[in-house]
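Chain and residue survey
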Amino acid sequence: MFYTSTRDNSIRVTASQAIAQGISEEGGLFVPVELPHFSLDKISSMVSMSYIDRAKTVLREFLTDFTEDELDYCVEGAYAAEKFSSSKIAPTVNISGSKNILELWHGPTCAFKDMALQLLPYLMTVSAKKTADGKTIVILVATSGDTGKAALEGFKNVDHTKILVFYPVDGVSPMQKLQMTTQEGNNVAVCAINGNFDDAQSAVKSIFTNAEIKAELAKKNMMFSSANSINWGRLVPQIVYYFSAYCDMLEAGRIKLGDEINAVVPTGNFGNILAGYYAKQMGLPIKKLICASNSNNVLTDFLKSGTYNRNRAFYATTSPSMDILISSNLERLLYHISGENDMLVQELMNKLSDEGRYTVSDEIIKKIQSVFDAGCSAESEVDDTIKTHFDSYHYLCDTHTAVALKVYDEYVKNTGDDIPAVIDSTASPYKFSASVLNAVCSGNLPELNEFDMVDELNKITSVDVPKPLALLKDKKVRFKDVCDKEDMSAMVFKLLNL
């Protein structure tokens, strides 16, 4: 299998080249030239497999320049039992009727990013040996909260890599911030920026394509790559868990082979739901992909109207990992839906950069709407959803999952489409203890610090506290740097000691 760029489809690179490089030279994102097809018989054969074997079955089709031994090394290392608190790795929990919660947060950082970022360092090191000529790979990350910690944890002390993470100073939860600033490892660094996630992400993309900066790194035998979902190696592992969830539902007798399901995904950068789109295109019986947004509903508006407009108010919400107005992975969808029209994608991305908005043709938005639905949840509805699901089903969810549950309830109410649905749960409720405790207590929140809130939430709900979060209490803060977005390039050199 070869990969091309969304902005220049004359390009052909291998999987290892796409992963090591991260982003195409002209700024486009790597996508498969063609997708593999999974028959119902093949899907049926995966039901009895472990998550590791399901992952190998899917990834083998995409990583065709990896040997079988290399694939085994990567997948078995990433999803080793001691790293995850569930033997299923990503269990699917039925809470009521058609609602099946896909819990993606049982990894070491208690967020869905672990599903990809435990694997990416393995993919990266194997890819670098094939393509990077012994260079040190500098992983540059912008995060809205979860990617940063998951990438730091995945890449810590990995030979021939360094990882630099930038996060919005007031745009992550206290627990997310503590996870990043206390990170261990001799090759890691973290810096806050005065701005939001979009500022950090735009600056990172600019640094990636800056010829002068790349030349300076090359003098030190270094090269940039990415751990954000602009990197194909971050996205491809996410395809696996849609197949796995379907297999779990087959195994539990909730569906029969060939039955369609809906998938509901809380997303800001569009990567998680795009992985579901790839799974559908590969043959997984997904009827609708339902995109759930918070108050920063730029994706909902686009999927309803065909106009993408980031020129709007930015809201800091209780679901900060979705506080995003520039959704990078939408570029990949536009490339596929437009019939691989790289010139159109480049034109639209230039408009987004220059004017902050673009509008696609009626034909393109109709094609998108045949696959996707969308909705958004107001802040006040998030609290109500958390409390309702805890009171009714004794199921405690975080704020991002609550957004998805609210949007799904509205979707069923408006359409009557109540076939079995997989609803992505992207983080442990304890990563957002203040918000979740506030919801469960109906706003009667006592004055408590972060870890007292964790204890109080555990006391009220009897839901176990994930060990990695409990252990943060006594960790020392290592990283206190803050910079303006305009100074991120200089900070990169400072953090690399160059």
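Structure shown above.
A brief report on the enclosed structure follows.

Reading the values: the criteria
- Residues numbered from 1 in each chain as written.
- Predicted model: local features only at pLDDT ≥ 70, side-chain atom pairs only at ≥ 80, totals over all residues.
- Heavy atoms only, no water.
- Helix = DSSP H or I, 4+ residues; strand = E, 2+ residues; numbered from the N terminus.
- Rg over C-alpha atoms; globule rule 2.2 N^0.38 Å.
- Buried < 20%, exposed > 50% of the residue type's maximum accessible area, 1.4 Å probe, protein only.
- Contact = heavy atoms within 4.5 Å.
- Axes fitted to C-alpha atoms, helices over the stretch in contact; angles between N-to-C directions.
- Parallel < 35°, antiparallel > 145°, perpendicular 65-115°, else oblique.
- Nonpolar A, V, L, I, M, F, W, Y, C, P; charged D, E, K, R; others polar.
- Pairing = 2+ DSSP bridges.
- Core = buried A, V, L, I, M, F, W, Y, C linked by side-chain atoms within 4.5 Å.
- Phe/Tyr/Trp six-rings, centres within 6.5 Å; stacked < 30°, edge-to-face > 60°.
- Lys NZ or Arg CZ within 6 Å of the ring centre and 35° of its normal.
- Right-handed = clockwise from strand over helix to strand, strands pointing away.

A short note on the overall build of the protein
The secondary structure content of the protein amounts to 22 helices and 16 strands. Scaling as 2.2 N^0.38, a compact globule of 498 residues should have a C-alpha radius of gyration of about 23 Å, and the protein matches this with 21 Å. Considering the protein as a whole, with its 498 residues, one finds that 61% of them fall into the buried category. Long-range contacts, defined as pairs at least 24 residues apart, comprise 75% of the intrachain contacts of the protein with a sequence gap of at least 6.

Let's talk about the packing of helix H13 (residues 298–305) against helix H16 (residues 362–369)
Each packed pair of helices is defined by two parameters, the angle between the axes and the distance between the axes. For the pair H13 and H16, interaxial distance at closest approach is 8 Å and the crossing angle is 110 degrees. Comparing their axes, H16 and H13 come out roughly perpendicular. Here Phe302, Leu303, Lys304 and Ser305 of H13 lie close against H16, whose contacting residues are Ile365, Ile368 and Gln369. When the residues that make up the contact of H13 with H16 are grouped by side-chain class, the tally is 4 nonpolar, 2 polar and 1 charged.

Details of the sheet that holds strand S14 (residues 372–376)
Sheets are built from strands that pair by backbone hydrogen bonding, the pairs being arranged parallel or antiparallel. Taken together, 6 strands build an open sheet; the order of strands is S4-S5-S15-S10-S11-S14 and the sheet is mixed. Looking along the sheet, the strands with just one partner apiece sit at the ends: strand S4 (92–96) and S14. Neighbour to neighbour, the strand axes of the sheet diverge by 25 degrees on average, direction disregarded. Across 4 bridges, the pairing between S4 and strand S5 (residues 99–103) is antiparallel. By the bridge assignment, Val93 is partnered in S5 with Ile101.

Section: the nonpolar core
In this structure, Phe166 and Ile239 are the most contacted members of the largest nonpolar core, which totals 138 residues. At 13 residues, helix H11 (residues 232–251) tops the list of elements feeding residues into this core. Sequence-distant contacts of Ile239, defined by excluding residues within four places in its chain, comprise Val58, Phe62, Trp232, Ala275, Tyr278, Ala279 and Met282. In this structure, Ile290, Phe432, Phe451 and Met453 belong to the second largest nonpolar core, which totals 39 residues.

Thoughts on the pairing of strand S8 (residues 188–194)
Burial of S8 is extensive: 6 of the 7 residues sit out of reach of the surface. Here strand S7 (residues 161–168) pairs with S8 via 6 bridges, running parallel. Each residue of the ladder has a partner; that of Ile163, found in S8, is Val188. Relative to strand S16 (residues 482–484), S8 runs parallel, the two sharing 3 bridges. Within S16, the residue paired with Ala192 across the bridge is Val482.

Quick notes on the packing of aromatic side chains
Tallying each qualifying case throughout the model produces 15 aromatic pairs. Geometrically, the ring pair formed by Tyr51 and Tyr79 is edge-to-face, given 5.3 Å between the ring centres and 80 degrees between the ring planes. Note that Tyr51 is positioned in helix H3 (residues 51–62) and Tyr79 in the loop between helix H4 (68–78) and S4, a separation of 28 residues in sequence. The same class applies to Tyr51 and to Tyr79, which are both buried. Their ring planes at 40 degrees and their centres at 5.2 Å tell us that Tyr241 and Tyr242 sit as a pair that is tilted. Tyr242 shares its class with Tyr241; the two are buried. An aromatic cluster is defined as three or more aromatic residues linked by ring pairs; in this entry it consists of Tyr3, Phe62, Trp232, Phe270, Tyr277, Tyr278 and Phe372. A cation over a ring is seen here: Lys42 above Phe38, with NZ or CZ 4.4 Å from the ring centre.

Quick look at the sheet that holds S16
Reading across the sheet, the 5 strands line up as S9-S6-S7-S8-S16 and stay open at both edges, with parallel pairing between neighbours. Of all the strands in the sheet, just strand S9 (222–226) and S16 have a single pairing partner and so form its edges. With strand direction ignored, the average angle separating the axes of adjacent strands in the sheet is 30 degrees. Here 6 bridges tie strand S6 (residues 136–142) to S7, and the two strands are oriented parallel to one another. Pairing of Leu140 across the sheet is with Leu164, part of S7. Against the sheet, helix H7 (residues 146–155) makes contact with S6, S7 and S8, and its axis sits at roughly 165 degrees relative to S7, the strand it touches most. Sheet strands touched by helix H22 (residues 488–495): S6, S7, S8, S9 and S16. Its angle to S7, the strand with the most contacts, is close to 140 degrees.

Quick notes on unusual backbone geometry
Across the chain, the bulk of peptide bonds are trans and the bulk of non-glycine residues have phi less than zero. Even without glycine at this site, Asn157 takes up a positive phi of about 60 degrees. Note that Asn157 resides in the loop between H7 and S7.

Overview of the pairing of S7
Each regular strand displays side chains that alternate between the two surfaces of the sheet. Counted residue by residue, S7 has 7 buried out of 8 residues, so it is predominantly covered. Once the chain exits S6 it traverses H7 before rejoining the sheet at S7, and the crossover so formed is right-handed. Handedness of the S7-helix H8 (residues 174–181)-S8 crossover: right-handed.

A closer look at the environment of Leu119
Within the fold, Leu119 resides in the loop between helix H5 (114–117) and helix H6 (120–131). Since its relative accessible area comes to 0%, Leu119 is described here as buried. Expressed as a C-alpha distance, the spacing of Leu119 and Asp452, which sit 333 residues apart in the sequence, is 33 Å. Setting aside chain neighbours within four positions, we find Leu119 in contact with Leu59, Cys74, Val75, Ala78, Tyr79 and Pro237.

Honestly, that's just the spatial picture; any functional story needs more than this.
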